[in-house]
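Commentary on secondary and tertiary structure
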Amino acid sequence: MAVSISSSLLQTSVKQLVTLCRRRLLERNLGQVAASVARCQKCSSTTFKERNRKKLYSISTAIAERADGIYDVPIIMRHVGDKIIQDENYDKLIPQLSEEEMIYMERLQDCESSSEVLHLLDIQPDILSSHAAALTLIKLKVLDRKRRDKQKTPGKSFVSKVIIQQLFGIAQRNIETLSDENLVELAKQFLEEKEPESEIKEFTLNLIQKKMEDGTLGKYAVFSLTEILQNTKHTDLLQDIWLHITSRYTELDLEDLLKYLDHVPANMDITDQLLKIIQSQLVKFGWQFGSRGIGKISANLSRLKCRNDTLAFSIAKWTLLHIHEIKTSDLLNVLTYFQERQQHNADLIHALEKYIFSKGPQVKNEILGQTLEYLCTIRYLSPVIMDAASDHFLKCGESYSATDLYLILKSFGFFGYEPRKQMAFFQAADHYIPKEFDKFQDADVYKLMCSFLWLGRSSSLLRGHARRKSWSMDRSDIKCLYWYRRAMVQPTPLTTDEISMFTFDIPMFNVRSGNQRNYTTLQVAKKALSSLLKLPVVDNIKVKSFLIDFMLVVDENKDEISRKVWSSHQDEVPKASKVILIKLHFPEHFCANTGELLGEYSMAKRYFAMSNIPYITLSPLKAGIEQASVEILQMHFHYKLHELVNLKFNPFKGVSNQRLLELWESSKNQGPPV
């Protein structure tokens, strides 16, 4: 692409460039700009085609290439990290310096000590510009740091605070002439110390605040100041900076938007205005994003813990429309973002089904594992993905790591989903898992074995490896020990006589103790059941590999004798007695889209039915109701147990029909909550 420039325009522009480059050279030597000669030479030799590609093609660069000896090409452009952005205010912020001020800057460059700078200030021009004052402050700080580096014992600077204060005052007086680069360099020099002097710190922060009020703080300064002011003490100022910059720009191009998100500190709340800008970009210019754009936005929203439903919907919609163009790393970022939100999204699930089904054996292990982990998190059963995962394991299991084996295989037991070609599937599991047994993290291998138990599968080969692995297990790791004990249980039918041998208290770390709502409901249920029996109940136990909330033992007269059996430590339940197991089901025990019980809980129903042991289930909570009252649970327990146990208390007695109707309306339709 050719550029035509008239000779008169070239001569005039070259003169201006020479003057600007002269100033630029002075500023660099004063410590303001750090640019290597190699970068300048590379920039000067870059072809027109490359400049156009990098969005650096402008009249200034064209003139600079025609001017011999000028290597400092970026005059209007600014380099920030590995990106290049244009500071639209730069040409407005460069003051017209007088000849005296240019001479002053040249002399300032030659000063080798603070005393020489102070002497220069004595003979300075009558009016020192904001630009020159800022450079003087930077020069003093650089010289002071060099002096302290050379001294064996660091000493205090002899530069008077009054002089420093006056220079900051001059810099603030004509704040519109203070460039972003000078402001950033001042902040870097005076704020990056471990404990900057309070007065100096206050002067610098006032300059930043004044520049925001003046409305001349540009993008370059925002990105750089964000990195400098990461300390939590400056959170309020950072918030002000981002409010300022997002109020100035209602629309951004993609590169600026991604850079904005990269620079927002993790300890700062993302502003509503910035969220609107992101949403606007996704809606208006989503076709321009590409895989990298959506991946970086998802990663940053995840880093900032942003839980905005509108943004999440737009990201999922974009992923669905471009699922076959997205790269592995970027799709992982999207999956991580939604998994941390723990929220179901139909568009994302549809996109994942299309992607995994079309890729088949070519889908990456980490994508398949993360997808199944996400489905487990939101409790969504997708037969398309599960069948694809089964085929993928049979064809590509040799390439699975311990993490892949855990994430992909455990989902079958979690949902209670029978894999395709079951015989080949479990034979492959027995073949591949032992190879990675020692690489499993903590209790993962035992959790995986439990998921096989929930499918009715117990492998003697894996049990043998588990026993050997347990020899090196830390016995103080209660969680690992808990899952080991569950994994080693044989899924053979259990008789009533044997139940005491397979029943014991479980540690309090289990999942339900971490859910305050469920824990509170369990306590209410315990109170309700105790009131019916007029005796304390046996609760929080494990029968084989299944967690049970309450256990009752009744004799031949249907009288409850649980505590008598428990306190006597009998090896078996007395003959002619009956054991009744009670399990409370909460929303997280059901599949979100089918309403069916998840693998662990559906297997428990099948197992105890096979063992001919009464297994009573109850759903005390339904969607939208946070608490279940004692009265409601008393009614449910009485209805479920009155034929099996002689209850000492009738919750219906003495209650008016109107009250019964109210309780019934409050507790009806307590089927599988979603």
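For the structure, see preceding data.
Residues numbered from 1 in each chain as written. Predicted model: local features only at pLDDT ≥ 70, side-chain atom pairs only at ≥ 80, totals over all residues. Heavy atoms only, no water.

Now for the pattern of salt bridges. Tallied over the entire structure, the rule returns ten salt bridges. Note that Glu398 and Lys435 form a salt bridge whose closest N and O atoms lie 3.3 Å from each other. Pair noted here: Glu398 is in the loop between helix H21 (383-396) and helix H22 (402-415) and Lys435 is in the loop between helix H23 (422-432) and helix H24 (444-453), with a separation of 37 residues, a long-range link. Taking relative accessible area as the criterion, Lys435 reaches 46% and is therefore assigned partly exposed. Here the salt bridges do not stand alone but share partners, grouping Asp387, Asp391 and Arg420 into one network. (Salt bridge = Lys/Arg side-chain N within 4 Å of Asp/Glu carboxyl O. Helix = DSSP H or I, 4+ residues; strand = E, 2+ residues; numbered from the N terminus. Buried < 20%, exposed > 50% of the residue type's maximum accessible area, 1.4 Å probe, protein only.)

Another point: the side chain of Ser451. Position of Ser451 relative to the elements: it lies in helix H24. Among the polar contacts listed, one links the side chain of Ser451 to the backbone oxygen of Leu448, at a separation of 2.6 Å. Residues contacting Ser451, with those up to four places away along its chain left out, are Leu409, Lys410 and Gly413. (Polar contact = N/O pair within 3.5 Å; in protein donor to acceptor, adjacent residues only side chain to side chain. Contact = heavy atoms within 4.5 Å.)

Moving on to H22. Each full turn of the α-helix corresponds to 3.6 residues, which orients residues three or four apart in the same direction. Relative to the 20 Å expected for 14 residues at 1.5 Å per residue, H22 spans 21 Å between its end C-alpha atoms, a close match to the ideal helical length. Among the 14 residues that make up H22, twelve are buried, leaving the element largely enclosed by the rest of the structure. Taken as a whole, H22 has its buried residues at Ala402, Asp404, Leu405, Tyr406, Leu407, Ile408, Leu409, Lys410, Ser411, Phe412, Gly413 and Phe415. Check the buried side of H22 and you find it contacts helix H20 (365-378), H21, H23, H24 and helix H29 (599-610). (Expected span 1.5 Å × (residues − 1).)

Packing of H20 against H22 brings their axes to within 8 Å, and their N-to-C directions diverge by 35°. Relative to H22, the crossing made by H20 is left-handed. Taken together, the residues of H22 that come into contact with H20 (itself represented by Asn365, Glu366, Leu368, Gly369, Leu372, Glu373, Leu375 and Cys376) are Asp404, Leu407, Ile408, Lys410, Ser411, Phe414 and Phe415. Residue composition of the contact of H20 with H22, grouped by class: eight nonpolar, three polar and four charged. (Axes fitted to C-alpha atoms, helices over the stretch in contact; angles between N-to-C directions. Left-handed = near helix turned anticlockwise from the far one by under 90°. Nonpolar A, V, L, I, M, F, W, Y, C, P; charged D, E, K, R; others polar.)

Right, let's talk about H20 for a bit. Given a rise of 1.5 Å per residue, 14 residues ought to cover 20 Å, and the 20 Å separating the end C-alpha atoms of H20 matches this to within 8%. With respect to burial, H20 is a largely interior element, twelve of its 14 residues being buried. Within H20, burial applies to Asn365, Ile367, Leu368, Gly369, Gln370, Thr371, Leu372, Glu373, Tyr374, Leu375, Cys376 and Ile378. Tucked inside the fold, the buried residues of H20 contact helix H18 (328-341), helix H19 (346-359), H21 and H22. Looking one or two places after H20, you find Arg379, whose phi comes out positive at around 60°.

To continue, consider the environment of Gln189. Within the element layout of this structure, Gln189 appears in helix H10 (residues 180-191). Classification of Gln189 by relative accessible area gives buried; the value is 9%. Remark: the alpha-carbon pair of Gln189 and Val142, spanning 47 residues in sequence, is separated by 7.7 Å. For Gln189, the contacting residues outside a window of four places in its chain are Ile138, Lys141, Val142 and Arg145.

Honestly, that's just the spatial picture; any functional story needs more than this.
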